[in-house]
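# Summary of the model geometry
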Amino acid sequence: MGGSPAESVAGAVEGPFLMPVEDVFRLHQGRAVMATGRIERGRVRKGDAVEIIGLRGSATTLIAGIEQNHMSVGEARAQMNVGVLLRGTAADAVERGQVLAAPGSVSARTGFTADITLLSEDQGGAEVVSGDRLCFYVRTAAVWGTVTLPEGTDTVRPLHGAEVTVVLEEPVALEEGQSFAFRHHGRAAGSGTVIRLPR
């Protein structure tokens, strides 16, 4: 049996801070940057250090302010939609698809092993073979990657699944247990879960 919604929220708040970046705004003629998104877990306060992770490597910055519903707040936590003002961050250093996270709590990866399941043909599922280039959607990131099927498996057909290896063309913040979706031939094709990261 799973925990109650209240227990799930409490658990999310207690984890290390992580917020996928949904949008970025340049303020004060480009001298300040605000990243917006929904906090996935943890909490953050003005003055805290955070890492910007994914797509272009990582960088550490400070939280200069937090806004919710156009009002300044001192702290934000899991499940809140907020805008986070980043101190001393270049205008092009943060973008949709990255995450803001507690320093050292998560890292960007380009490779992983996953369980995938394909949609039906009516829903857009299409056969996947080793070497296929798919577009993977991880949190707010959309990144191209190549899939390799296990030895002895030639094809994964619609409504079937497999354990596969994926190599992404750009690094994204990944954790074991992370869910994702993917497109094939320009259509939604299936979903998966990261089961193993390189050590």
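These numbers come from a predicted model, not from an experiment. (Residues numbered from 1 in each chain as written. Predicted model: local features only at pLDDT ≥ 70, side-chain atom pairs only at ≥ 80, totals over all residues. Heavy atoms only, no water.)

When helices and strands are counted, the protein shows 1 helix and 18 strands. Once the C-alpha set of the protein is aligned to its principal axes, its extents read approximately 55 × 45 × 35 Å. Counted over contacts in the protein with a minimum sequence separation of 6, partners at least 24 positions apart contribute 67%. Between the averaged position of the 19 positive side-chain charges in the protein and that of its 23 negative side-chain charges there is a distance of 8 Å. (Helix = DSSP H or I, 4+ residues; strand = E, 2+ residues; numbered from the N terminus. Contact = heavy atoms within 4.5 Å. Lys, Arg positive; Asp, Glu negative; His and termini not counted. Charge placed at Lys NZ, Arg CZ, Asp CG, Glu CD.)

For the rest of this paragraph, the subject is the pairing of strand 17 (residues 179-184). Only one face of strand 17 is buried: it carries F180, F182 and H184, and the other face, with S179, A181 and R183, is open. In this sheet, strand 17 lies alongside strand 13 (residues 133-138) in antiparallel orientation, the contact comprising 3 bridges. Of the residues in strand 17, the one forming a bridge with F136 is F182. Relative to strand 18 (residues 187-196), strand 17 runs antiparallel, the two sharing 6 bridges. Paired with S179 across the two strands is T193, which belongs to strand 18. The hairpin formed by strand 17 and strand 18 contains 2 residues between the paired strands, and H185 there has a positive phi angle of roughly 55 degrees. (Buried < 20%, exposed > 50% of the residue type's maximum accessible area, 1.4 Å probe, protein only. Pairing = 2+ DSSP bridges.)

With that settled, the discussion passes to the confidence of the model for the protein. When pLDDT is averaged along the protein, the result is 90, and 92% of the positions lie at 70 or above. Averaged pLDDT values over the elements of the protein bottom out at 56 in helix 1 (residues 5-14) and peak at 98 in strand 1 (residues 18-20). Ignoring residues within four places in sequence, the model shows residues 4-9, a span with pLDDT below 50, making 2 contacts including any to other chains. (pLDDT = per-residue confidence, 0-100.)

Below, the discussion takes up the pattern of salt bridges. For the structure shown, the criterion picks out 12 salt bridges. Put simply, E127 and R157 hold a salt bridge, and the shortest N to O gap is 3.6 Å. Remark: R157 occurs in the loop between strand 15 (155-156) and strand 16 (161-174) and E127 occurs in the loop between strand 11 (107-118) and strand 12 (128-129); sequence separation between them is 30 residues. Overall, the relative accessible area of 47% leaves R157 in the partly exposed class. Put simply, R139 and E175 hold a salt bridge, and the shortest N to O gap is 2.9 Å. Of the two residues, R139 sits in the loop between strand 13 and strand 14 (141-148) while E175 sits in the loop between strand 16 and strand 17, which places them 36 residues apart along the sequence. Counted as one network, the salt bridges with shared partners bring together E14, R43, R45, E75 and R77. (Salt bridge = Lys/Arg side-chain N within 4 Å of Asp/Glu carboxyl O.)

This brings us to the environment of D23. Assignment of secondary structure puts D23 in strand 2 (residues 23-27). Using a relative accessible area of 37% as the deciding quantity, one classes D23 as partly exposed. C-alpha separation for the pair D23 and G57, spaced 34 residues apart in sequence, amounts to 18 Å.

Moving on: the sheet that holds strand 11. Strand order in the closed barrel made by the 6 strands is 11-16-14-13-17-18, with antiparallel pairing throughout. Neighbouring strand axes in the sheet, compared pairwise and without regard to direction, differ in orientation by 40 degrees on average. (Axes fitted to C-alpha atoms, helices over the stretch in contact; angles between N-to-C directions.)

A few words now on the side chain of T140. By the element assignment, T140 lies in the loop between strand 13 and strand 14. With relative accessibility at 15%, the residue T140 sits in the buried group. Within the structure, T140 has its side chain in polar contact with the backbone oxygen of V21 (distance 2.8 Å). When neighbours within four sequence positions are excluded, T140 is seen to be in contact with P20, V21, E22, R96, G97 and Q98. (Polar contact = N/O pair within 3.5 Å; in protein donor to acceptor, adjacent residues only side chain to side chain.)

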